[in-house]
Amino acid sequence: MSSSICIPNSLLSYTQLKSIPNSLHSQPLKHSSSLITRASLSTPKETVLKSFNERRALKIISGLQNFNKDNVASVVTAADKGGATHVDIACDPELVKLVTSLTRLPVCVSSVDPSAFLAAVEAGASMVEIGNYDSFYDAGIVFSPEQILNLTVETRRILPLVTLSVTVPHTLSLPDQTKLAELLEQEGADIIQTEGGKCSNPSKPGVLGLIEKASPTLAAAYSISRAVKIPVMCASGLSAVTAPMAITAGASGVGVGSAINKLNDVVAMIAEVRSIADSLGLAVTTGSELENRGLRV
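Residues numbered from 1 in each chain as written. Predicted model: local features only at pLDDT ≥ 70, side-chain atom pairs only at ≥ 80, totals over all residues. Heavy atoms only, no water.

(A) A look at the overall build of the protein. Along the protein, the regular secondary structure elements total 14 helices and ten strands. Looking at the protein as a whole, 54% of its 297 residues are labelled buried. On the protein, roughly 12500 Å² of surface is accessible, and the fraction owed to carbon and sulfur atoms is 55%. (Helix = DSSP H or I, 4+ residues; strand = E, 2+ residues; numbered from the N terminus. Buried < 20%, exposed > 50% of the residue type's maximum accessible area, 1.4 Å probe, protein only. Areas by Shrake-Rupley, 256 points an atom, 1.4 Å probe, with all protein chains shown as cover.)

Rendered as structure tokens:
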């Protein structure tokens, strides 16, 4: 039996998102300019992007729609203790406050609603991500390239100086993923994130299965990293076996979610994060140590 991988659609074959946020229509921003100024002065890009520029970023993802404070706290604790360089959580100011009380690692918030980012940045997030679409795929919703571009433009309008990562949907063919990545770079994205594990169903157990699982996102990272100058983060379906392959393929970092957040025990989570960090050659450096080194301002 061969592995089953989603067959990509063309740029023109996407279903429209059922409810597009009002922000996509370029409505005037209702927040005061002082809020925008304070948000724009969050953690400097050079700090957030340091690990990406060194090609050793490890972002642990709790989930775009995971608002379970206990689970998020466990995932973030595991990231901090296991040697990750970033954490990625749902775009919620209260979650941000919780997470920044647990770690000094840069906090990324994920959403598909640009208007939600400002409050999260005000609460302490240092990076925003348009992506982590898996929960939408489960509901039968996919995003067109035009929608992704509109989301990016609107986010840049609201937060012109905050580090912005954008995920390229795996449902596009590789040439179309690359084309979209190039356009996103032109619109001011700082990081391109790849995905693909959701649609890959390995036919083999063990190491062969892990490689099959990661093949779509690895292929995307290889193609996109050769087309853009900004860092590429390879995410979705990765493990300690395939994370180093992502860096070899051209990625500047890896993102790992379900391999961590689906575990029920924080000790097991820490062990898994540490295993991936070790595979990337990362020294275990907790958030508190980062603070002592003055890497967070």
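(B) Inspection of the sheet that holds strand E10 (residues 253–256) at higher detail. Judged by pairing direction, the barrel is parallel, and its eight strands sit side by side in the order E2-E3-E4-E5-E6-E7-E9-E10 before closing back on the first. Strand-to-strand twist in this sheet, taken as the mean axis angle between neighbours without regard to direction, amounts to 25 degrees. Two strands pair when backbone bridges link them, and strand E2 (residues 57–61) and strand E3 (residues 86–90) are joined in this way by three bridges, in the parallel orientation. In the sheet register, isoleucine 60 faces E3, and the bridge partner there is valine 87. In the packing of helix H4 (residues 69–82) onto the sheet, contacts are made with E2 and E3, and the angle to E3 comes to roughly 170 degrees. (Pairing = 2+ DSSP bridges. Axes fitted to C-alpha atoms, helices over the stretch in contact; angles between N-to-C directions. Contact = heavy atoms within 4.5 Å.)

(C) Up close: the environment of leucine 58. Along the chain, leucine 58 falls in strand E2. According to the relative accessible area criterion, leucine 58 is buried, its value standing at 0%. As for leucine 58 and alanine 79, which are separated by 21 residues in sequence, their C-alpha atoms are 8.9 Å apart. Leucine 58 has contacts with Gly83, Ala84, Thr85, His86, Val254, Val256, Val273, Ile276, Ala277, Leu280 and Leu282, leaving out every residue within four places of it along the chain.

(D) Here's a closer look at the side chain of serine 165. Considering the arrangement of structural elements, one finds serine 165 in strand E6 (residues 163–167). Residue classification places serine 165 among the buried residues on the basis of a relative accessible area of 0%. Beyond its immediate chain neighbours, meaning those up to four positions away, serine 165 contacts Met127, Val128, Glu129, Ile130, Ile191 and Gln193.

(E) Structural view of a nonpolar patch on the surface. Residues Val207, Ile211 and Met245 make up a contiguous nonpolar surface patch of roughly 220 Å² in combined accessible area. Along the chain, the position of valine 207 falls in helix H10 (residues 206–225). (Patch = residues over 30% accessible without salt bridge, like charges linked within 9 Å, V, L, I, M, F, W, Y side chains within 5 Å. Salt bridge = Lys/Arg side-chain N within 4 Å of Asp/Glu carboxyl O.)

(F) Focus on the pattern of salt bridges. Under the defined criterion, the tally for this structure stands at nine salt bridges. Between aspartate 88 and lysine 59 there is a salt bridge, with its nearest N and O atoms 2.9 Å apart. A residue pair is termed long-range when its members are at least 10 positions apart, and aspartate 88 in strand E3 and lysine 59 in strand E2 qualify at 29 residues. Here lysine 81 and aspartate 80 are joined by a salt bridge, their closest N and O atoms 3.9 Å apart. By relative accessible area, lysine 81 is classed as partly exposed at 39%. The exposure class of aspartate 80 is buried, given its relative accessible area of 4%. Among the charged side chains, a salt-bridge network with shared partners connects Lys45, Arg156 and Asp190.

Remember, this is a structural readout, not a statement about activity or role.
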